[in-house]
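The primary structure of each chain is shown beneath.
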Amino acid sequence: MSGGIFESATAIARAIRDRELSVVEVVEAHRRRIEAVNPAINAVCLLTADAALDAARRADAAIARGELLGPLHGVPMTLKDNLNVAGVVTTGGTQGRRNFVPREDSSVMRRLRDAGAILLGRTTTPELTMAYETANLLHGRVNHPLDANLTPGGSSGGAAAILAAGGAAFDIGSDTGGSIRVPSHFCGTAGLKATDGRISKAGHIVPPGAPADLTTQLGPMARTVEDLVLLLPVLSESEVPDPGKVSIGGLRVGFFTSGGLAAPTSEIGEVVNAACRALASAGACVEPVLLPGVEETFDLTLAMWTADGGEAFREVLAASGTTEISPFMEIVLGVCERGKATDVEAVLARWRAFRRRMGEAARAFDVLVSPVCPFPALRHGRSFDDDCFPGFAHTMLHNLTGWPALSVPVAKTAAGLPIGVQVAAAPWREDLVLAAGACVEGCAL
């Protein structure tokens, strides 16, 4: 298995349990891979190799005693640099936190440790996670694994890039408007934004109650849907229904390619159709769907994010001691200032009405299938352009609803860039999302 490089987290965990691989062997192989690829992609901003090797030795000793630490025993992971790790620098991509060392783990890091995972490094995020590209003043720019002229997306771009390059088995992302799903689509990996409230956000850099926090959900990122199935119960605050018990036959699938949002490229539209054909071949009932009022998604998302004029972001920056902000954060604060609501309650009322309307329209379906993005990976610096920024409404939609939503790799463009498809379902039905995602994974390759 070459130390598990490019193997799934599920396969690595099994090989360790069966003593086909030692944990030290696996951790060292992934460390070497990061050292080989990171100079070109710059995805890992901090390597914790010494601590990881110590943990690997302890994990091997436990296996020798016949003790299993958990379902992720010895599996090497990276973690996005916006989630606290006790004793390890956690910057959130902002200059003032360059030396900030949390005393406590974030909730997700604690759960992963308890499950036996081993932290190998931190992955870069844009400042305070607020961009669809990944760059900051502390760690520089993250490049796409296939083409340094392209972005891997954001804000979990560092995570998706190192996963695609084989440097880690999994990572955990945060998603305020697509920050798990967009990088997964751009890089050809799998990423799940869980139901709002499914995974604790304790230890996440965006403060509770901030406007952006209202549309932020966390979730696992890996190379396969199988691994998301493995990871979600570890992260979840409540019991997760088993995707293995879902029958695709008879599932009611609604789909759209545009439906009032930005029209996708012809290649991406055809991949969505191919995913629907795969579900239909497996026995699902597939029909086009129109979500009334979905065209409000982009404007409503911006209204939500900017309702306080950026005050919550400024408070975090000030508390961090940040004196110089990144170009992306300058853009974000400018958008916030222009979009500040005079009546915040009116914005929240629009949001509640939108959620009710989407829920009523989607009630006729078990699963919704759509593009993740109307385009593949972009060139650096393009995401905030007027012809690109509204395209992210495809992912913003499910941040507003709070529904679980998955980006699953399905195909590639003629130029060889990955194409993902978005699969969503009603709150708490990640089992439907993951089962449908497994059905369409790679179906058009």
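The structure this text deals with has already been given above.
Residues numbered from 1 in each chain as written. Predicted model: local features only at pLDDT ≥ 70, side-chain atom pairs only at ≥ 80, totals over all residues. Heavy atoms only, no water.

*Asks:* Describe the overall build of the protein, and please don't skip the residues or the numbers.
*Replies:* For the protein, the helix and strand inventory stands at 14 helices and 13 strands. Here the protein has a C-alpha radius of gyration of 20 Å; the compact-globule value for 445 residues is 22 Å, and the two agree. Based on the C-alpha atoms only, the size of the protein along its principal axes is roughly 60 × 55 × 40 Å. When burial is assessed residue by residue, the protein has 62% of its 445 residues classed as buried. Taking all contacts inside the protein whose residues are at least 6 apart in sequence as the whole, residues at least 24 apart take part in 77%. If you sum the accessible surface of the protein, you get close to 15800 Å²; carbon and sulfur atoms cover 51% of it. (Helix = DSSP H or I, 4+ residues; strand = E, 2+ residues; numbered from the N terminus. Rg over C-alpha atoms; globule rule 2.2 N^0.38 Å. Buried < 20%, exposed > 50% of the residue type's maximum accessible area, 1.4 Å probe, protein only. Contact = heavy atoms within 4.5 Å. Areas by Shrake-Rupley, 256 points an atom, 1.4 Å probe, with all protein chains shown as cover.)

*Asks:* Lay out the pairing of strand S3 (residues 118-123) with the relevant residues and their values.
*Replies:* Sheet faces and side chains relate simply in a regular strand, where the side chains alternate between the two faces. Among the six residues of S3, six are classified as buried, and the element is accordingly described as predominantly covered. The sheet contact formed by strand S1 (residues 44-47) and S3 spans three bridges and is antiparallel. Across the sheet, residue Leu47 finds its bridge partner in S3, namely Gly121. Strand direction decides the pairing type here: strand S2 (residues 76-80) and S3, joined by five bridges, are parallel. Within S3, the residue paired with Pro76 across the bridge is Ile118. Crossover S2 to S3 through helix H4 (residues 107-114) is right-handed. (Pairing = 2+ DSSP bridges. Right-handed = clockwise from strand over helix to strand, strands pointing away.)

*Asks:* I'd love a proper account of the nonpolar core, names of residues and values included.
*Replies:* Counting residues in hydrophobic clusters, the biggest one holds 90 residues, and the most contacted among them are Leu72, Leu112, Phe170 and Val369. If one sorts the elements of this core by residue count, helix H8 (residues 266-281) sits on top with seven residues. Not counting residues up to four positions away in its chain, the partners in contact with Leu112 are Leu72, Met77, Ala117, Phe170, Ile172, Leu231, Val234 and Leu235. If you look at the next biggest cluster of nonpolar residues, it comprises 56 residues, including Leu291, Met329, Phe389 and Phe392. (Core = buried A, V, L, I, M, F, W, Y, C linked by side-chain atoms within 4.5 Å.)

*Asks:* Lay out the packing of helix H1 (residues 9-17) against helix H7 (residues 225-235) in plain terms, naming residues and giving numbers.
*Replies:* It is the contact of H1 with H7, at a shortest axis distance of 8 Å, that shows an interaxial angle of 65°. Between H1 and H7, the angle falls in the class roughly perpendicular. Across the interface between the two elements, Ala9, Thr10 and Arg14 from H1 touch Glu226, Asp227 and Leu230 from H7. Taken together, the residues of the contact of H1 with H7 sort by class into two nonpolar, one polar and three charged. (Axes fitted to C-alpha atoms, helices over the stretch in contact; angles between N-to-C directions. Parallel < 35°, antiparallel > 145°, perpendicular 65-115°, else oblique. Nonpolar A, V, L, I, M, F, W, Y, C, P; charged D, E, K, R; others polar.)

*Asks:* Which residues make up the pattern of salt bridges, and what are the values?
*Replies:* For the structure on display, the rule yields 18 salt bridges. Close ionic contact of Glu430 with Arg198 constitutes a salt bridge, the shortest N to O distance being 2.7 Å. With Glu430 in helix H14 (residues 430-440) and Arg198 in the loop between strand S7 (190-193) and strand S8 (217-222), the pair connects residues that are 232 residues apart, well separated along the chain. With a relative accessible area of 1%, Arg198 lands in the buried category. A salt bridge links Glu345 to Arg352; its shortest N-O distance comes to 2.6 Å. For Glu345, a relative accessible area of 44% translates into the label partly exposed. Residues joined in a network through salt bridges with shared partners are Glu28, Arg31 and Glu35. (Salt bridge = Lys/Arg side-chain N within 4 Å of Asp/Glu carboxyl O.)

*Asks:* Account for the side chain of Thr176, naming residues and giving values.
*Replies:* Among the structural elements, Thr176 can be located in the loop between strand S6 (170-175) and helix H6 (181-187). Once residues within four sequence positions are removed from consideration, Thr176 is found in contact with Ala212, Thr215, Thr216, Trp305 and Asn399.

*Asks:* Give a description of the state of the cysteines that names residues and reports values.
*Replies:* The final tally for this structure, using the stated rule, is zero disulfides. Free of any disulfide, Cys45 has its nearest cysteine sulfur in Cys187, 16 Å distant. Left unpaired, Cys443 is separated from the closest cysteine sulfur, that of Cys439, by 7.6 Å. Residue classification places Cys443 among the partly exposed residues on the basis of a relative accessible area of 34%. (Disulfide = S-S within 2.5 Å.)

*Asks:* Tell me about the sheet that holds strand S13 (residues 418-425), and name the residues and values.
*Replies:* Reading across the sheet, the eight strands line up as S6-S8-S7-S12-S13-S11-S9-S10 and stay open at both edges, with mixed pairing between neighbours. Sheet topology places S6 and strand S10 (285-288) at the edges, where each strand pairs with a single neighbour. Between one strand axis and the next, the sheet turns by 25° as a mean value, whatever way the strands run. Two elements, strand S9 (residues 252-255) and strand S11 (residues 367-371), share three bridges in a ladder whose sense is parallel. If you follow Phe255 over to S11, its bridge partner there is Val369. Relative to the sheet, helix H13 (residues 393-401) contacts S6, S7, S8, S11, strand S12 (405-412) and S13, its axis offset from that of S13 by approximately 25°.

*Asks:* Requested: an account of the packing of aromatic side chains, with residues and values cited.
*Replies:* Counted according to the given criterion, the structure contains six aromatic pairs. Between Tyr132 and Phe392 the ring centres are 3.8 Å apart and the planes differ by 5°, which places this aromatic pair in the stacked class. Highlighted residues: Tyr132 in the loop between S3 and strand S4 (135-136) and Phe392 in the loop between S11 and H13, separated in sequence by 260 residues. Side by side, Tyr132 and Phe392 carry an identical accessibility label, which is buried. Look at Phe328 and Phe384: their rings are 6.0 Å apart centre to centre, the planes differ by 45°, and that puts the pair in the tilted class. Taken together, the residues Phe328 in helix H11 (residues 327-339) and Phe384 in the loop between S11 and H13 connect sequence positions 56 residues apart. Of the residues examined, Phe384 reaches a relative accessible area of 18% and is grouped as buried. (Phe/Tyr/Trp six-rings, centres within 6.5 Å; stacked < 30°, edge-to-face > 60°.)

*Asks:* Requested: an account of the sheet that holds S2, with residues and values cited.
*Replies:* Read from one edge of the open sheet, three strands run S1-S3-S2, paired in mixed fashion. Each edge of the open sheet carries a strand with a single partner, namely S1 and S2. The mean angle between the axes of side-by-side strands here comes to 35°, regardless of whether they run parallel or antiparallel. Against the sheet, helix H3 (residues 49-64) makes contact with S1 and S3, and its axis sits at roughly 160° relative to S3, the strand it touches most.

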